[in-house]
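Architecture at a glance
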There are 2 protein chains.
Amino acid sequence: MSIKVKIYVTLKEGVLDPQGRAVVGALGALDFKGVEDLRIGKFMELKVDTESKEAAEQEARRMCEELLANPVIEDFRVEVE
Amino acid sequence: MSIKVKIYVTLKEGVLDPQGRAVVGALGALDFKGVEDLRIGKFMELKVDTESKEAAEQEARRMCEELLANPVIEDFRVEVE
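Figured I'd write up the structure that's included with this text. The shown structure was predicted, so the numbers you read here are calculated from the model rather than taken from an experiment.

1. Focus on the relation of the copies chain B and chain A
Superposing chain B onto chain A takes a rotation of 180° plus a shift of 0.0 Å along the axis, which leaves an RMSD of 0.0 Å. Interpreted geometrically, this transformation is the action of a two-fold axis. The position closest to the rotation axis in chain B is occupied by the C-alpha of lysine 42 of chain B, lying 2.4 Å away. Comparing interface residues between copies, 100% of those in chain B also lie at the interface in chain A; the contact surface is shared.

Shown next as structure tokens:
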């Protein structure tokens with residue numbers, strides 16, 4: 001069964017996000033003045049071939065732990081459809 | 001009013017995603033064999049200071065059109081909380 005999974009990888013709170021800072025600066029230069037805080041993460045959509053949704057979610061979590069996220073500085077969230 | 005906005009920027013369908021391909025290869029090397037298709041996008045969380053949710057959404061859409069997404073190859077989605 002092919003199951004669609006969405007993975008969100010975000011920087012942990014307290015970890016500096018220089019890319020987000022740069023984007024806030026660029027938005028300011030384009031006259032978007034009301035942006036207070038912007039943090040950038042990764043969003044992954046994938047299809048996993050497993051027997052059940054539960055298995056797909058477990059598989060995706062293992063992928064995050066082993067490759068897709070850096071547990072020292074990043075959090076991840078898995079959504080199964 | 002400080003409104004939390006989430007922005008998802010993804011590659012349009014049909015646009016090659018070499019980063020996603022590389023990740024599928026790396027997952028295969030780690031013995032995750034069931035991954036069929038993986039596409040990587042960006043996920044942004046920001047706070048916008050506007051009078052209403054509608055205004056925040058419009059502002060975020062304009063940011064995507066002008067800076068955050070490349071409309072030639074990317075789609076974006078805005079969620080207001």
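Having seen the structure, we can now continue with the description.
2. Notes on the packing of helix α1 (residues 18–29) of chain A against helix α2 (residues 53–68) of chain B
Following both chains from N to C, one finds α1 of chain A and α2 of chain B inclined at 100°, their axes separated by 11 Å at the closest point. In terms of axis orientation, α1 of chain A runs roughly perpendicular to α2 of chain B. Residue-level contacts link Val23, Ala26 and Leu27 of chain A of α1 of chain A to Met63, Leu67 and Leu68 of chain B of α2 of chain B.

3. What to know about α2 of chain B
Look at α2 of chain B: only 20 Å from first C-alpha to last across 16 residues, short of the 22 Å you get at 1.5 Å a residue. Along α2 of chain B, the positions that sit buried rather than exposed are Ala56, Glu59, Ala60, Met63, Cys64 and Leu68 of chain B. When α2 of chain B is viewed along its axis, its buried side chains cluster within an angular range of 145° and face the same direction. Those residues of α2 of chain B that are exposed and angled more than 90 degrees off the buried face are Glu54, Gln58 and Glu65 of chain B. On its buried side, α2 of chain B packs onto α1 and β2 (35–49) of chain A together with β1 (2–11), β2 (35–49) and β3 (74–80) of chain B.

4. Observations concerning α1 of chain A
For α1 of chain A, built from 12 residues, the straight-helix expectation of 16 Å at 1.5 Å per residue is met to within 8% by its first-to-last C-alpha distance of 17 Å. For α1 of chain A, every residue scored as buried is listed here: Gly20, Val23, Leu27 and Gly28 of chain A. Taken around the axis of α1 of chain A, the buried residues stretch over an arc of 140°, which confines them to a single face. Facing away from the buried side of α1 of chain A by more than 90 degrees, the exposed set consists of Pro18, Arg21 and Ala29 of chain A. Contacts from the buried residues of α1 of chain A go to β2 of chain A together with α2 of chain B. Aspartate 31 of chain A sits one or two positions beyond α1 of chain A and adopts a positive phi of about 75°.

5. Structural notes on the interface of chain B and chain A
If you look at the interface, chain B gives 30 residues, while chain A gives 30 residues. On the surface where chain B and chain A come into contact, there are 0 salt bridges. Counting the contacts that link chain B with chain A gives 12 residue pairs in polar contact (both at pLDDT 80 or more). For the side of chain B that touches chain A, the secondary structure elements donating two or more residues are β1, α1 (18–29), β2 and α2 of chain B. Tallying contributions element by element places β2 of chain B first for the side of chain B that touches chain A, with 15 residues. Class assignment for the residues of the side of chain B that touches chain A results in 16 nonpolar, 4 polar and 10 charged. Strand direction decides the pairing type here: β2 of chain A and β2 of chain B, joined by 13 bridges, are antiparallel. Pairing of valine 48 of chain A across the sheet is with valine 35 of chain B, part of β2 of chain B.

About the cut-offs
- Residues numbered from 1 in each chain as written.
- Chains lettered and ligands numbered in written order.
- Predicted model: local features only at pLDDT ≥ 70, side-chain atom pairs only at ≥ 80, totals over all residues.
- Heavy atoms only, no water.
- Least-squares fit on C-alpha atoms with pLDDT ≥ 70 in both.
- Contact = heavy atoms within 4.5 Å.
- Axes fitted to C-alpha atoms, helices over the stretch in contact; angles between N-to-C directions.
- Helix = DSSP H or I, 4+ residues; strand = E, 2+ residues; numbered from the N terminus.
- Parallel < 35°, antiparallel > 145°, perpendicular 65-115°, else oblique.
- Expected span 1.5 Å × (residues − 1).
- Buried < 20%, exposed > 50% of the residue type's maximum accessible area, 1.4 Å probe, protein only.
- Arc of directions from axis to C-beta.
- Salt bridge = Lys/Arg side-chain N within 4 Å of Asp/Glu carboxyl O.
- Polar contact = N/O pair within 3.5 Å; in protein donor to acceptor, adjacent residues only side chain to side chain.
- Nonpolar A, V, L, I, M, F, W, Y, C, P; charged D, E, K, R; others polar.
- Pairing = 2+ DSSP bridges.

Honestly, that's just the spatial picture; any functional story needs more than this.
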